Amino acid sequence: MASIGSLASSRTPDTLKPGGIESESHPWKIRLVEHPKRFESSFFRAAKKTARKILDEMSDEELPYGTRPAGSERWEMHHGGSLWVRGKHAWRMYRARVGIEWSMQFCAEPAKVDRLRREAAELVDAFPLTLPALAELGYEEAEDLLHTPIENADGVEAWTDSLFNACVPMSHGNHQGLLPKVPGEHHYPWPVKGADFVRYDDFQLWVTLPDGTHGAVAPVDRRGSGDGHVRLVHVPEGSEAADTLAEAQDQGLMAVLPPNSSAALQAFADQIDRGRRTAAGPPATGRTRRNGRGSR
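These figures come from a predicted structure and were not determined experimentally.

1. Some words on the packing of aromatic side chains
- In total, this model carries eight aromatic pairs according to the counting rule given.
- Here the aromatic rings of Trp-159 and Phe-164 are separated by 5.9 Å at their centres, their planes lie at 20 degrees, and the arrangement is stacked. Considered together, Trp-159 and Phe-164 belong to a single accessibility category, that of buried residues.
- For the pair Phe-203 and Phe-268, a centre-to-centre distance of 5.4 Å together with 70 degrees between the ring planes defines the contact as edge-to-face.

2. Remarks on helix α9 (residues 242–250)
- Turning to α9, its buried residues number three or more, namely Ala-242, Thr-244, Leu-245 and Ala-248. Looking down the long axis of α9, one finds its buried residues gathered within 165 degrees of arc, a one-sided arrangement.
- Looking one or two places after α9, you find Gly-252, whose phi comes out positive at around 70 degrees.

3. Examining the environment of Glu-247
- Along the chain, Glu-247 falls in helix α9.
- For Glu-247, the side chain forms a polar contact with the side chain of Gln-251, separated by 2.3 Å.

4. Looking at the nonpolar core
- Residues Trp-84, Trp-159, Leu-163 and Phe-164 are the most contacted members of the largest nonpolar core, which totals 39 residues.
- Discounting residues that sit within four places of it in the chain, Trp-159 has contacts with Ile-100, Val-113, Leu-116, Arg-117, Ala-120, Leu-145, Leu-146, Ile-150, Phe-164 and Asn-165.
- Core analysis: the second largest hydrophobic core is formed by 19 residues, Val-217, Val-230, Leu-245 and Phe-268 among them.

5. With respect to the pattern of salt bridges
- Inspection of every chain in the model, using the stated rule, returns 12 salt bridges.
- Linking Arg-117 and Asp-114 is a salt bridge whose minimum nitrogen-to-oxygen distance equals 2.6 Å. Placement of both Arg-117 and Asp-114 in helix α3 (residues 110–125) is noted, with a separation of three residues, approximately one turn of the helix.
- Accessibility expressed as a relative area gives 8% for Arg-117, which makes it buried.

6. Concerning the environment of Met-170
- Mapped onto the elements, Met-170 comes out in strand β4 (residues 168–170).
- Overall, Met-170 belongs to the buried group, its relative accessible area being 0%.
- For the pair formed by Met-170 and His-78, sequence separation is 92 residues and the distance between their alpha carbons is 7.0 Å.
- Those residues in contact with Met-170, other than ones at most four positions away along the chain, are Tyr-65, Arg-74, Trp-75, Glu-76, His-78, Arg-95, His-175, Glu-185 and Trp-190.

7. Topic: a negative patch on the surface
- On the surface, a cluster of negative charge is made up of Glu-140, Glu-141, Glu-143 and Asp-144.
- Relative to the assigned elements, Glu-143 resides in helix α5 (residues 142–147).

8. Brief notes about the pairing of strand β7 (residues 230–234)
- Two elements, strand β6 (residues 214–219) and β7, share four bridges in a ladder whose sense is antiparallel. Looking at β7, one finds that Val-217 is bridged to Leu-232.
- In this structure, β7 lies alongside strand β8 (residues 256–257), joined through two bridges in antiparallel fashion. Of the residues in β8, the one forming a bridge with Arg-231 is Val-256.

9. Things to note about helix α2 (residues 42–57)
- The end-to-end C-alpha distance of α2 is 23 Å, a good match for the 22 Å that 16 residues give at a rise of 1.5 Å each.
- Restricting attention to buried positions, one finds in α2 the residues Phe-44, Ala-47, Lys-48, Thr-50, Ala-51, Ile-54 and Leu-55.
- Those residues of α2 that are buried lie in contact with β1 (76–78), β2 (82–86), β3 (91–95), α4 (130–136) and β4.

10. So, the sheet that holds β6
- Read from one edge to the other, the open sheet built from four strands follows the order β5-β6-β7-β8, with strand pairing classed as antiparallel. Single-partner strands in this sheet number two, and they are β5 (206–208) and β8.

11. Points about the confidence of the model for the protein
- Averaged over all residues, the pLDDT of the protein equals 87, while 83% of them reach at least 70.
- Below a pLDDT of 50 lies the segment residues 1–10, which in the model reaches 27 contacts outside its immediate sequence neighbourhood of four places, other chains included.
- Between residues 288–296, whose pLDDT stays under 50, and residues either more than four places distant or in other chains, the model counts 30 contacts.

12. Considerations on the pairing of β2
- Burial analysis of β2 places four of its five residues in the buried class, the great majority of the element.
- The pairing of β2 with β3 spans five bridges and is antiparallel. Directly across from Leu-83, in β3, lies its bridge partner Tyr-94.
- Between the antiparallel neighbours β2 and β3 lie four residues.

Thresholds, definitions, all that
- Residues numbered from 1 in each chain as written.
- Predicted model: local features only at pLDDT ≥ 70, side-chain atom pairs only at ≥ 80, totals over all residues.
- Heavy atoms only, no water.
- Phe/Tyr/Trp six-rings, centres within 6.5 Å; stacked < 30°, edge-to-face > 60°.
- Buried < 20%, exposed > 50% of the residue type's maximum accessible area, 1.4 Å probe, protein only.
- Helix = DSSP H or I, 4+ residues; strand = E, 2+ residues; numbered from the N terminus.
- Arc of directions from axis to C-beta.
- Polar contact = N/O pair within 3.5 Å; in protein donor to acceptor, adjacent residues only side chain to side chain.
- Core = buried A, V, L, I, M, F, W, Y, C linked by side-chain atoms within 4.5 Å.
- Contact = heavy atoms within 4.5 Å.
- Salt bridge = Lys/Arg side-chain N within 4 Å of Asp/Glu carboxyl O.
- Patch = residues over 30% accessible without salt bridge, like charges linked within 9 Å, V, L, I, M, F, W, Y side chains within 5 Å.
- Areas by Shrake-Rupley, 256 points an atom, 1.4 Å probe, with all protein chains shown as cover.
- Lys, Arg positive; Asp, Glu negative; His and termini not counted.
- Charge placed at Lys NZ, Arg CZ, Asp CG, Glu CD.
- Pairing = 2+ DSSP bridges.
- Expected span 1.5 Å × (residues − 1).
- pLDDT = per-residue confidence, 0-100.

Here it is as structure tokens:
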């Protein structure tokens, strides 16, 4: 990958110790097959109905992921381990240790799923307003779900499609989207995708790489440092940078792109003066981040 090769032409700060330069090409193919036939269980219908009632009670600032769908869009419910509880003033959603995707229930061991149930029950017990509030919304099965041991496939199915697993509310993009539009949780690793919900608005997490594929990058130092290097944290298989990133991870190193690389310039585009050829240095003066917040 050209940008990685150009590391040699950019001074590496003392905080980054060189670990070698790699550049390779890796062609690939993928076969598409039909998705297994799926049905919507009564458990899932009841959970979704309840989740939408909860979301209607929440303010925009309280929503767990992104903004409320507008126009023809609607909430999509992700099987991501949705632990809904009622706090003193509002509903809150926590994420379970793991979520069980619908298709993964068929390889899920009941005893391991039962551990998720016990952990969820312990959390809900800490929020005593939860079960009465859910019963008021018509989700009376909550108490049985939380306190009935999971011992077979029927129990796994009921838990998989319950409010406590299947109702992480997301937009279509954040749920199933693909770059270059919006990266969805189903297609991009959660440790990277999760940064979309905590990053500064003027930092571009997802960038286009020189070979036309899309990857994710992160700064190598804190905001205001003036260091314009970026760390490559995700690329798709088939990207020219894939082997390099895998090699870096295997050796416990970072794959770092220089401040004058296209990836770095994209990442910091909203923080530097237009036309600048490096992301290193002081932030642009007078520029503000999106949503009206301060600059870098």
